[in-house]
Every structure is written in C-alpha cells, then in structure tokens.
Amino acid sequence: MIPTDRKLVYYQALIDKKSEYEGIFYVGVKTTGVFCRPTCPARKPKFENCEFYETAKEALLASFRPCQRCRPLSHPGHVSELVRKLVNAVEENPEHRWTDEDFRKLSVDASTARRQFKKRFGMTFVEYARSRRMGIALKHIRAGSTVIEAQLSAGYESGSGFRDAFSRIMGTAPAGLGNQQILKASWLDTRLGPMIAIADEQALYLLEFIDRRGLEREIERLRRKTKSAVIPGSTAPINSIERELRDYFEGKLTEFKTPVKLLGSPFQKKVWEQLRQIPPGQATSYADIASAIGKPSAYRAVAQANGANQMAIVIPCHRVINSNGDLGGYGGGISRKQWLLDHEKNGSVEEDIR
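Residues numbered from 1 in each chain as written. Predicted model: local features only at pLDDT ≥ 70, side-chain atom pairs only at ≥ 80, totals over all residues. Heavy atoms only, no water.

(A) Quick peek at a positive patch on the surface. Together, Arg217, Arg221, Arg224 and Lys225 make up a positively charged patch on the protein surface. Along the chain, Arg224 falls in helix α9 (residues 215–226). You can call Arg224 exposed: its relative accessible area is 56%. (Patch = residues over 30% accessible without salt bridge, like charges linked within 9 Å, V, L, I, M, F, W, Y side chains within 5 Å. Areas by Shrake-Rupley, 256 points an atom, 1.4 Å probe, with all protein chains shown as cover. Salt bridge = Lys/Arg side-chain N within 4 Å of Asp/Glu carboxyl O. Lys, Arg positive; Asp, Glu negative; His and termini not counted. Charge placed at Lys NZ, Arg CZ, Asp CG, Glu CD. Helix = DSSP H or I, 4+ residues; strand = E, 2+ residues; numbered from the N terminus. Buried < 20%, exposed > 50% of the residue type's maximum accessible area, 1.4 Å probe, protein only.)

Structure, rendered in structure tokens:
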C-alpha cells in the first residue's frame, strides 16, 4: 500500500504534469474508471477520486482500464503495432478468455505476444488480459455496489459485458443465483496489498492476494468443489479474518482463530495441518514436513500440496523454504514471503514492502 504522504506527492506531480514521474506511478480515476500517466492532458480529478498504483497490473486488477488520451500502456517510448492491436482487442471485449484460436484470427504469434508484453509491461499478454478481466469482477466485490452501478462504472452500457465477466469468474450472473449454494467474497486491504476472502456463514474457504498468479482458476476450482456461486458480501468468518489480519500486521497476533474449511485430499490436509504447527518466526523445509507426517520420501508431493494451499498467511506456507536455505517459491511473491518471515521473526516490521 502506498503511504498517504507519498500519494500527496504523486497527486501534486499529476497536477503539475511532471514528466520525471513517468513510470513511477499510475493514477486510477474513480469517476471515469480509467487509469492514466502522470502527464495525462485530461482534466485533473479531485484527490479523493484518485487511487495510485506503482504498476499497470495493479491498476488493471483494481478494475481501471487504460486511458485513451494518455495511453499509459504506450509509455515510455512507442509500443509495437502488435502490442497496440492486442491492447485494443482486449478493450473491445475485456471479459473474453483468450485461446490460441484468438491469436490465429488476428494473425498474431502467441509466443511473440508473450515476449513483447513481458518486455514492455513486465507481464505476459495472457496475464494482462486476465488482470483486466479479473479487475472487472473484483470491482464489484470491492465496492459492494449494486449490479447496475458496477456495470456502468466498468464501462458497459448494456450490462451484458459486466455480467459475463463476473459470471465467468464467480460462477453465475449476480442477479441469477436461484437456489444455488452461496459463498461470499470481500476485498480486504492489507499492508502487503489487497487480498480476497471467500467464506460462507461458518468458515473461510479462500484467502489470497489479489495479484496471485492463477487466482482466477483457484476460484473456479473452489466453485466446482463446493457447487457454489460466489457473490460480493461479508460473513462472520470474513469479518473475523479481517480483524485478525489487522492484528497480525500490527504484530499483535500470531495464531489465527477464524474457522477454515479445507478442501483437499487427505494427504494435502495432513500437510496443511502440519504447516500450522510451524511456530511463527521459524522456517522449515519440504523434506522436514515430509518426515513430520511420516512420508520422508514424499517431499515433492509436500511441495505440491504447499502450492495448492488456498489460505495465505493463515496456513503459513510462507514458512517453508528450500533445504539449502533459499526462500524457494511463493504464490504471493518472494518479496512478500521475505517480509512475512522477517515480520514474524522480529515481531514487527516497520518498512513497507515497497
């Protein structure tokens, strides 16, 4: 999260159109639903209508679409015709999930698109399209507004585009749930960035960072396993985990009490329960976990179970490192993993992740 004092600096840079801030931040304008570069020539929004981001991906996941005047995805320098074509294609149909056939129709090589987007924006084209699509659905969760308000702010005059994007990710159109089992989802702002919490009235089913790679498919798997639809809202477990996360980041809590529902194989559940036995401030290896559950040769399977964990922080997969002492992987990003380990070891960490 960007500190308030830095936001004020960014806002003044926006007002003054300071070119030295190009690439340093992007501004999302709540009233228009677009995100811009610092030097955008458009009329300047009020401070309270601005949200600031340090990467384009963050702005996309927060539901903002690229401004057509300053074209934030075309700076610095000029982008290739291929990149421009694909960005325009996404904006024509942002809820669409891309396939190899879509690339063929545009006479675009998928591997070339991947490389060019990665070089220009730090993310592949598929990640860009997914972030744009995911952002539309997450906007409704974050705002908790009515369907019509959400669809209009997302830029859909008919509403069909918003409903399609929402239902592709969350399971069904918001107004067409019928008697289907319901899970509710809330956007939680934390010190290390926004998270999504999904729960029913009894337990928490998922807690992940919004920008986690593969989040959309995690939600899809959750829907299929539970035969549920996911709609915006809050429940007692969501309220509970929000309070506990606040205390955790303030260094006041080391053990989470919010009830959780673990959806996995018996082996996965055994691994996850063992993860919860790792004391805060300590780290262990996949091999140690395998030995602890009586399967000393199953360290690769332990690593896979660790990666399948859908309860970030609560089930502390960040406390598992490689046997050689390297951090290893983490779905929420290595920088977050290091921060969490330091935070738990020291009791409190004052530096922001950024």
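Let's pick the thread back up.
(B) Molecular detail of the side chain of Ser131. Tracing the backbone through its elements, the reader meets Ser131 in helix α6 (residues 125–143). The class for Ser131 is buried, based on a relative accessible area of 0%. Of note is the side chain of Ser131, whose polar atom sits 2.7 Å from the backbone oxygen of Glu127. The residues touching Ser131, leaving out its near neighbours within four places in the chain, are Lys57, Leu60 and Leu61. (Polar contact = N/O pair within 3.5 Å; in protein donor to acceptor, adjacent residues only side chain to side chain. Contact = heavy atoms within 4.5 Å.)

(C) Focus on the nonpolar core. Formed by 36 residues in total, the largest nonpolar core has its most connected members in Leu207, Ile241, Leu245, Leu275 and Ile313. Elements that contribute at least two residues to this core include exactly β6 (195–199), β7 (204–209), α10 (236–249), α11 (266–275), α12 (286–292), α13 (299–307) and α14 (334–346). The element best represented in this core is α10, accounting for five residues. The contact partners of Ile241, leaving out residues within four places of it in the chain, are Leu188, Ala197, Leu204, Leu207, Phe256, Thr258 and Val314. Core analysis: the second largest hydrophobic core is formed by 25 residues, Val87, Val90, Phe117 and Ala129 among them. (Core = buried A, V, L, I, M, F, W, Y, C linked by side-chain atoms within 4.5 Å.)

(D) The arrangement of unusual backbone geometry in detail. Unlike most non-glycine residues, Lys17 shows phi in positive territory, near 55°. Of note in this structure, Ser63 is not a glycine but carries a positive phi near 90°. Along the chain, Ser63 falls in the loop between α2 (56–61) and β4 (65–66).

(E) Summary view of the environment of Ile315. Topologically, Ile315 is positioned in the loop between α13 and β10 (320–321). Placed 41 residues apart in sequence, Ile315 and Gln274 show a C-alpha to C-alpha distance of 9.2 Å. Residue contacts for Ile315: discarding those within four places in its chain leaves Leu262, Trp272, Leu275, Arg276 and Asn309.

(F) Broad picture of the pairing of β6. With respect to burial, β6 is a largely interior element, five of its five residues being buried. Covered by surrounding structure in β6 are Met195, Ala197 and Ala199 together with Ile196 and Ile198, the residues of both alternating faces. What sits between the antiparallel neighbours strand β5 (residues 181–188) and β6 is a turn of six residues, in which Gly193 has the positive phi angle 110°. Where β6 hands over to β7, the hairpin turn is made up of four residues, counted between the paired strands. (Pairing = 2+ DSSP bridges.)

(G) Structural detail: the pairing of β5. Examined bridge by bridge, β5 and strand β8 (residues 228–232) share five bridges and lie parallel to one another. Residue pairing in the sheet places Gln181 in a bridge with Ser228 of β8. Summarising the sheet, β5 and β6 pair through five bridges and their orientation is antiparallel. Residue pairing across strands places Ala185 opposite Ile198, the latter belonging to β6.

(H) Examining the packing of aromatic side chains more closely. Scanning the model with the defined rule gives 18 aromatic pairs in all. Judged by centre distance (6.4 Å) and plane angle (35°), the ring pair of Phe47 and Phe52 falls under tilted. Overall, Phe47 belongs to the partly exposed group, its relative accessible area being 29%. Their ring planes at 45° and their centres at 5.7 Å tell us that Phe117 and Tyr128 sit as a pair that is tilted. Within this pair, whereas Phe117 is found in helix α5 (residues 110–121), its partner Tyr128 is found in helix α6, the two being separated by 11 residues in sequence. Exposure remark for Phe117: the relative accessible area of 0% places this residue in the buried category. The exposure class of Tyr128 is buried, given its relative accessible area of 0%. Every member of this aromatic cluster is reached through a ring pair, and the members are Tyr10, Tyr11, Tyr21, Phe25, Phe47 and Phe52. One cation-aromatic arrangement involves Arg336 over Phe209; the distance from NZ or CZ to the ring centre is 4.1 Å. (Phe/Tyr/Trp six-rings, centres within 6.5 Å; stacked < 30°, edge-to-face > 60°. Lys NZ or Arg CZ within 6 Å of the ring centre and 35° of its normal.)

(I) Expanded view of the packing of α11 against α13. Axis separation between α11 and α13 bottoms out at 9 Å; the angle between their running directions is 80°. The orientation of α11 with respect to α13, classified from their angle, is roughly perpendicular. Counting all contacts with α11, which are made through Phe267, Gln268, Val271, Trp272 and Leu275, the residues of α13 involved are Ala301, Val302, Ala305 and Asn306. Looking at the contact of α11 with α13 residue by residue, the classes come out as seven nonpolar, two polar and no charged. (Axes fitted to C-alpha atoms, helices over the stretch in contact; angles between N-to-C directions. Parallel < 35°, antiparallel > 145°, perpendicular 65-115°, else oblique. Nonpolar A, V, L, I, M, F, W, Y, C, P; charged D, E, K, R; others polar.)

(J) Inspection of the sheet that holds strand β2 (residues 34–36) at higher detail. If you trace the four strands from one edge of the open sheet to the other, you get β3-β1-β2-β4, paired in mixed fashion. Strands at the two margins of the open sheet, each flanked by one partner only, are β3 (50–53) and β4. In this structure, strand β1 (residues 26–29) lies alongside β3, joined through four bridges in antiparallel fashion. Bridged to Gly28 within β3 is Glu51.

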